[in-house]
Amino acid sequence: MNALPPGSPVVIYVNGSSCGDPVTISAVEATGPTSAPPVGYDAYQVHREFRERWCAYINGNYRNIAHVARVFQVSERTARNWWNGQFGPNGGYVAVAMREHGDRAFQMLFGEAG
């Protein structure tokens, strides 16, 4: 991973054009959080299981495929694939899940298994 040196300007590009003025970040922001992940938490395991976790979240919180399609503003095909555990979402849809169900979504998607 390439970390930016402290004080580096950061510009976010959206569809090829910059969005706003450059922002200077502090040393703490450039190096990331100082606390370690919880002991025994395996983020790579969460990543490997994420499709199944997403399927369990979808099936546990929505009535049917049409309900999923409506809430997440996706096609019926995408909603069906999520419902059946064929595919998982991209990050934007995880953000929608977090908005919809907060702590419950977080525990289902990122909590420790078992």
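Below is a summary of the structure that appears in this document. All of these numbers come straight from a predicted model, not from anything done at the bench. (Residues numbered from 1 in each chain as written. Predicted model: local features only at pLDDT ≥ 70, side-chain atom pairs only at ≥ 80, totals over all residues. Heavy atoms only, no water.)

1. Here's the deal with helix H2 (residues 43-61)
The end-to-end C-alpha distance of H2 is 23 Å, clearly below the 27 Å that 19 residues give at a rise of 1.5 Å each. In the structure, H2 departs most strongly from a straight axis at Glu49, where the bend amounts to approximately 60°. Along H2, the positions that sit buried rather than exposed are Val46, Phe50, Arg53, Trp54, Cys55, Tyr57, Ile58 and Asn61. Tucked into the core, H2 has its buried residues touching helix H3 (65-72), helix H4 (76-83) and helix H5 (91-110). Among the residues of H2, the N-terminal cap falls to Asp42, whose side-chain oxygen and the backbone nitrogen of Tyr44 are separated by 3.0 Å. (Helix = DSSP H or I, 4+ residues; strand = E, 2+ residues; numbered from the N terminus. Expected span 1.5 Å × (residues − 1). Bend = angle between axes of the 7 residues up to and from the residue. Buried < 20%, exposed > 50% of the residue type's maximum accessible area, 1.4 Å probe, protein only. Contact = heavy atoms within 4.5 Å. Polar contact = N/O pair within 3.5 Å; in protein donor to acceptor, adjacent residues only side chain to side chain.)

2. Notes on the pattern of salt bridges
Here the structure, examined in full by the defined rule, presents five salt bridges. We note a salt bridge from Glu52 to Arg51, for which the minimum N-O separation is 3.3 Å. A residue is classified by how much of its surface remains accessible, and Glu52, at 42% relative accessible area, is partly exposed. (Salt bridge = Lys/Arg side-chain N within 4 Å of Asp/Glu carboxyl O.)

3. Here's the deal with H4
Among the residues of H4, Ala79, Trp82 and Trp83 are the ones counted as buried. Along the axis of H4, the buried residues cluster in a sector spanning 100°; they form a single face. Looking at the buried residues of H4, the elements they touch are H2, H3 and H5. Directly after H4, the chain includes Gly85, whose backbone phi takes a positive value near 75°. (Arc of directions from axis to C-beta.)

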